[in-house]
Each structure stands twice: as C-alpha cells, then as structure tokens.
Amino acid sequence: MDLKLLQESCEGLRAPSYGKVQRTGESYVSTTLWATRLIKVCVKLYHRLESLDQTARLLRDTIEFAVRRYHGYFYEYRLQTHYRDASIGHNETRGLVVEHVIPVRLLIAGLLQNRLPLALVLNPPMCVIRKESDVILEKSGLGDTTPNVWYFWQRYRDLGITIVTNRNDPVDQDTWRSEE
C-alpha cells in the first residue's frame, strides 16, 4: 500500500451533506422502482449462472439487501403491517419487531425458483410482535425459518399470543383465516 498516495487522497476528504429525503408519495414510488429494478437484474444474472458459486451468493445477498431495505421503508418505519400481536396498542412503538411471517430467505428462494412473484416477495405477510416473542422465536430455531411455509402461523403457536389483522380482526391461527 502506498501510504503517501493514501494520505494525499484522504487529507481534506469530507463526505458531502446529501440532505434528508422526505417520505412522500414520490419517495415511495422511487423506492419501489429501485427495489424492483435491482432485484429483477439480480434474478436475471442469477439464472444465467452455470454454477451456484460465490457470484450466486453475492447476487442472493444483493436481493436480500434490496428486499429488506424495501420492507424497512414500507413496513418498519411506520409499523404498519398486515398482522400484529393483539396485546400491542396502536400507539405503542417501543420493544417491537416487524416480523417476516414467511422468512426472507424463503421468499428469495421462492423468487429464484420462479415459485413466488416479485410482488409477493416485496409485499409478504408481515406481523408486529414484541421483542420478547422474537427472542423466543430465535432461541427455538425459528428466527429465519418456519416448519411450514404455507401454514406460517405454526411459528407463533408456542408464543401464546393472539394475532389480529391491521383492521383488528382476530386471526384463527388454526385455519389461517381472519374470523368474519
């Protein structure tokens, strides 16, 4: 490493102030376009690979980054999800986790296997649970997996929590349907 060149390159270097981007309809559209385009490019490159090597891993990582960034922007910031632990109040924000009901790695696997459409990967069922419940899922080995992708409520069964929809309708976790 040329230390003199490094010093000359770094001295006086300052990161510019990019300013704060306001959350508007336009910023949500931009985020959607960015994630959709990036993921489509990565999927196309992935399907052209001859072997699942390091390049495949890096493409899956990039897809995961884009999916998680999109979910963070749309769901985690506002804690607006499809489902929530019924014990969580509408104005409660501390000690909560936005949970991917279908773990992200399975969403990405489904996308790469042409089994899940991109729209579902970007907008999967999401649930707000308490941090304590998330810790229990992690300790039980269900932090990033599920025993049954279709019957995803099985992951929550041992938590002893009641799940409701974003409209406050109770969810029958045995049948996976909202009680009407």
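Just above sits the structure.
Along each chain, numbering runs from 1 in the same order as the chain's sequence is written. Only residues with pLDDT of at least 70 are given local features in this predicted model, and only at 80 or more are side-chain atom pairs given and counted; all residues enter the totals for whole chains, interfaces and linings. With hydrogens and water stripped out, all remaining heavy atoms of the structure feed into the side-chain values.

## As for the packing of aromatic side chains
What counts, and what does not: The criterion for an aromatic pair is that two Phe, Tyr or Trp rings (for Trp, the six-membered ring) have centres within 6.5 Å, with stacked assigned to planes under 30 degrees apart, edge-to-face to planes over 60 apart and tilted to the rest. Secondary structure is summarised from DSSP: a helix means a run of H or I of at least four residues, a strand means a run of E of at least two, and numbering begins at the N terminus for each. Only protein chains enter the calculation, and the probe is 1.4 Å; a residue is then buried if its accessible area is under 20% of its type maximum, exposed if over 50%, and partly exposed in between. Should the NZ of a Lys or the CZ of an Arg lie within 6 Å of a ring centre and within 35 degrees of the ring normal, that charge is described as sitting over the ring.
Under the defined criterion, the tally for this structure stands at eight aromatic pairs. Here Tyr 28 and Tyr 73 contribute two aromatic rings whose centre-to-centre distance is 4.8 Å and whose plane-to-plane angle is 55°, an arrangement assigned as tilted. A residue pair is termed long-range when its members are at least 10 positions apart, and Tyr 28 in helix α2 (residues 25–48) and Tyr 73 in helix α3 (residues 54–76) qualify at 45 residues. Overall, the relative accessible area of 8% leaves Tyr 73 in the buried class. For the ring pair Tyr 73 and Phe 74, a centre distance of 6.1 Å and an interplane angle of 65° mean the geometry is edge-to-face. Considered together, Tyr 73 and Phe 74 belong to a single accessibility category, that of buried residues. Here the aromatic cluster, defined as three or more aromatic residues joined through ring pairs, consists of Tyr 28, Tyr 70, Tyr 73 and Phe 74. The cationic tip of Arg 23 hangs over the ring face of Tyr 73; the distance from NZ or CZ to the ring centre is 3.9 Å. The ring of Tyr 156 carries Arg 155 above its face, with NZ or CZ at 5.8 Å from the centroid.

## What about the nonpolar core?
Where we set the bar: Among buried residues, the Ala, Val, Leu, Ile, Met, Phe, Trp, Tyr and Cys ones that are joined through side-chain atoms within 4.5 Å form a nonpolar core. The criterion used for residue contact is that any of the two residues' heavy atoms lie within 4.5 Å.
In this structure, Ile 39, Ile 63, Trp 153 and Tyr 156 are the most contacted members of the largest nonpolar core, which totals 44 residues. Every element with two or more residues in this core is listed here: α2, α3, β2 (96–100), α4 (104–112), α5 (118–122) and β3 (126–130). Discounting chain neighbours no more than four positions away, the residues touching Ile 39 are Ile 63, Ala 66, Val 67, Leu 111, Leu 118 and Leu 122.

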